[in-house]
Amino acid sequence: MSKYTKEIEKRRTFAIISHPDAGKTTLTEKFLLYGGAINLAGSVKGKATARHAVSDWMEIEKERGISVTSSVLQFHYDGYCINILDTPGHQDFSEDTYRTLMAADSAVMVIDGSKGVEAQTRKLFKVCVMRHIPIFTFINKMDRDANDTFDLLDEIEKELGIATCPINWPIGSGKKFRGVFDRNTRKILTFSDTQKGTKEGVIEEIDIDDPHADEVMDPEQKEQLMEEIELLDGASAEFSQEEVSKGQLTPVFFGSALTNFGVETFLEHFLKMTTSPLPRTADDRYCIQANMNKAHRDRIAFMRICSGKFDATREVYHVQGDKKMRLLQPQQMMAESRHVVDEAYAGDIIGVFDPGIFSIGDTICAPGKKFAFEGIPTFAPEHFARVRQIDTMKRKQFVKGINQIAQEGAIQIFQEFNTGMEEIIVGVVGVLQFDVLKYRLENEYNVDIRLEPLPYEHIRWIANKEAVKVDKIVGTSDMKRVTDLKGNPLLLFINAWSVGMVEDRNPDLVLTEFSK
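Within each chain, residue numbers correspond to sequence positions counted from 1 in written order. In view of the model being predicted, local features appear only for residues whose pLDDT reaches at least 70, and side-chain atom pairs are presented and counted only at 80 or more, with totals across whole chains, interfaces and linings using the full set of residues. To get the side-chain values, take all heavy atoms of the structure and skip hydrogens and water.

Regarding the pattern of salt bridges
Item 1. Note on definitions: salt bridges are taken to be side-chain nitrogens of Lys or Arg within 4 Å of carboxyl oxygens of Asp or Glu. Inspection of the entire model under this criterion finds 19 salt bridges.
Item 2. In the salt-bridge network here, residues are joined through shared partners; they are R386, R388, E416, E452 and K480.

Things to note about the sheet that holds strand β26 (residues 458–462)
Item 1. Being paired, for any two strands, means DSSP has found at least two bridges between them. Secondary structure elements are taken from DSSP: a helix is a run of H or I of four residues or more, a strand is a run of E of two residues or more, and numbering for both begins at the N terminus. Taken together, the eight strands give an open sheet; going across it, the order is β25-β22-β24-β23-β27-β28-β26-β29, and neighbouring strands pair in antiparallel fashion. Every interior strand has two partners, whereas the edge strands, β25 (449–454) and β29 (511–512), have only one.
Item 2. Note: strand β22 (residues 383–389) against β25, six bridges, orientation antiparallel. By the bridge assignment for β25, V387 is matched with L451.
Item 3. A contact between two residues is defined here by any heavy atoms of the two lying within 4.5 Å. Fitting a line to C-alpha atoms yields each axis, with helices limited to the stretch in contact; the angle taken between N-to-C directions then spans 0 to 180 degrees. Sheet contacts for helix α11 (residues 395–407): β22, β23 (412–416), β24 (424–428) and β25; angle to β22, the most-contacted strand, approximately 155 degrees.
Item 4. Along the sheet, helix α12 (residues 432–445) makes contact with β22, β24 and β25, crossing β25 at roughly 160 degrees.

A closer look at the packing of aromatic side chains
Item 1. Ring geometry is summarised as follows: Phe, Tyr and Trp rings, the Trp one being its six-membered ring, pair when their centres sit within 6.5 Å, and such pairs are stacked at plane angles under 30 degrees, edge-to-face over 60 and tilted between the two. Summed over the entire model, instances satisfying the criterion amount to eleven aromatic pairs.
Item 2. Relative to F270, the ring of F14 has its centre 4.6 Å away and its plane inclined at 65 degrees; by these criteria the two rings are edge-to-face. One end of the pair, F14, is in strand β1 (residues 11–18); the other, F270, is in helix α10 (residues 263–273), and 256 residues separate them in sequence. With respect to burial, F14 and F270 carry one shared label: buried.
Item 3. Ring centres of F177 and F261 lie 4.9 Å apart, and the angle between their planes is 45 degrees; on these two criteria the pair is classed as tilted. With a gap of 84 residues between them, F177 in the loop between β7 (168–171) and β8 (179–182) and F261 in the loop between β11 (249–254) and α10 connect regions that are remote in the sequence.
Item 4. Grouping aromatic residues by their ring pairs yields a cluster made of F14, F31, F136, F138, F253, F266 and F270. Only protein chains enter the accessibility calculation, which uses a 1.4 Å probe; a residue whose area is less than 20% of its type maximum is buried, one above 50% is exposed, and one in between is partly exposed.

A short note on helix α6 (residues 149–160)
Item 1. An ideal rise of 1.5 Å per residue puts 16 Å on twelve residues; α6 measures up with 16 Å between its terminal C-alpha atoms.
Item 2. Here α6 has its buried residues at T149, L152, L153, I156 and L160. Taken down its axis, α6 places every buried residue within 95 degrees of arc, on the same side.
Item 3. For α6, the secondary structure elements touched by its buried residues are β4 (106–112), α5 (119–131), β5 (135–140), β6 (163–166), β7 and β11. A helix is expected to span 1.5 Å for every residue after the first. To be clear, the arc concerns the directions from the helix axis to the C-beta atoms.

Comments concerning the sheet that holds strand β21 (residues 364–365)
Item 1. Taken in spatial order, the three strands of this open sheet run β16-β15-β21, and their pairing is antiparallel. The sheet is open, and its two edges are formed by β16 (323–325) and β21, each paired on a single side.
Item 2. With two bridges joining them, strand β15 (residues 316–318) and β21 adopt antiparallel strand pairing. Bridged to Y317 within β21 is C365.

Rendered as structure tokens:
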């Protein structure tokens, strides 16, 4: 087997998804701990350990204890090269999460054991189903009082429509949480001395029939465990690698990311059940991030290598820009820290310097191979505001900042039809994105802004813009004509029924909710 093939086969690229506060970023942190990428794990809130999570690198993420941008982290474990995509859990940043899932080969779904399946979990799960990628479930926070285990599995199957196969089983929850039972080896796994989850801790394996098992569990717990295992063996779905690979069956694991219970066990099983990078029709550029290092005012475009090998010394062809170029400063990330790389393989995600020519969804390939992957859809904004800078002397910084943040995909900006950048309208999927925009303009570009909320709630792209004259469209009183960054015409509406009315009044007009 060639080195090239070996490198690709040891790659695993996956995203972690969950509802906010289910423990997604904490689980990511513990993977890094076990992979040796960090020596001391922080927590998202950072109180007990005085450390923040590695993947939450923006100041606003550290302050609020939430992820507001996707981050990519690479580490090695047991001969595998693992690329983790930590995504924002908050629904206001679901578009960023959607794009991130386009770059993943599988997904880890984190569920809070005390809350079960939540709204954002459903939404993100649907995206995984659309992509037909394997989904692995980690039921977290078993160190707190959790819902009935069978009820949790039943909820996953009914709410998400996917069969479940528990690989291990929890012994108690909350203060009575003793560890997990491995259904395959028939052994109990206990964990100790993790120093509030900052260190790996020690795993002890105990055979279920070993007298020592009675010291770990009280008689009532053991009796309950044996009854539940007997019921599971007779009633639960059997493990099928084929069904897992098709996204029809989710292996389920239990544990506590905060205290490291079950994390390494989950990681080991996950790596065996997943495959090396898969072929795709989706695009290879999924995220652009400006100002990861404020001192250098840099701009990074994240790129997934879909096939082959990336060689930093060779020229590439930028399909959308129709020109040959050399990708500058190729680097791999650990959130905001980075190191330069000379090569990368299919499945890897690298960052390259972006002089302002890349857009989300662009394709890069070897010269002479002119093809483009399928585009990444743009979510329709649901909230709009007019943005003005307070200090008119900082117009240049304002325009530069708002354009860069828009090109990252964090916001969408529009202009009044047939005008310049005098009036800027910002559209976002969730209102928290307005806070991030304001924060970043102040901290990264030294520009204070005033946001004036607008009543529009619906937006439509004009699919046949060449066939219609936008200024001649017969509209409604609540319709507004705007253009996006690329000069494409769009229509904003206050009321949903106005969309249909405009279509009726203009038979030749074709409107669409998504743009690619």
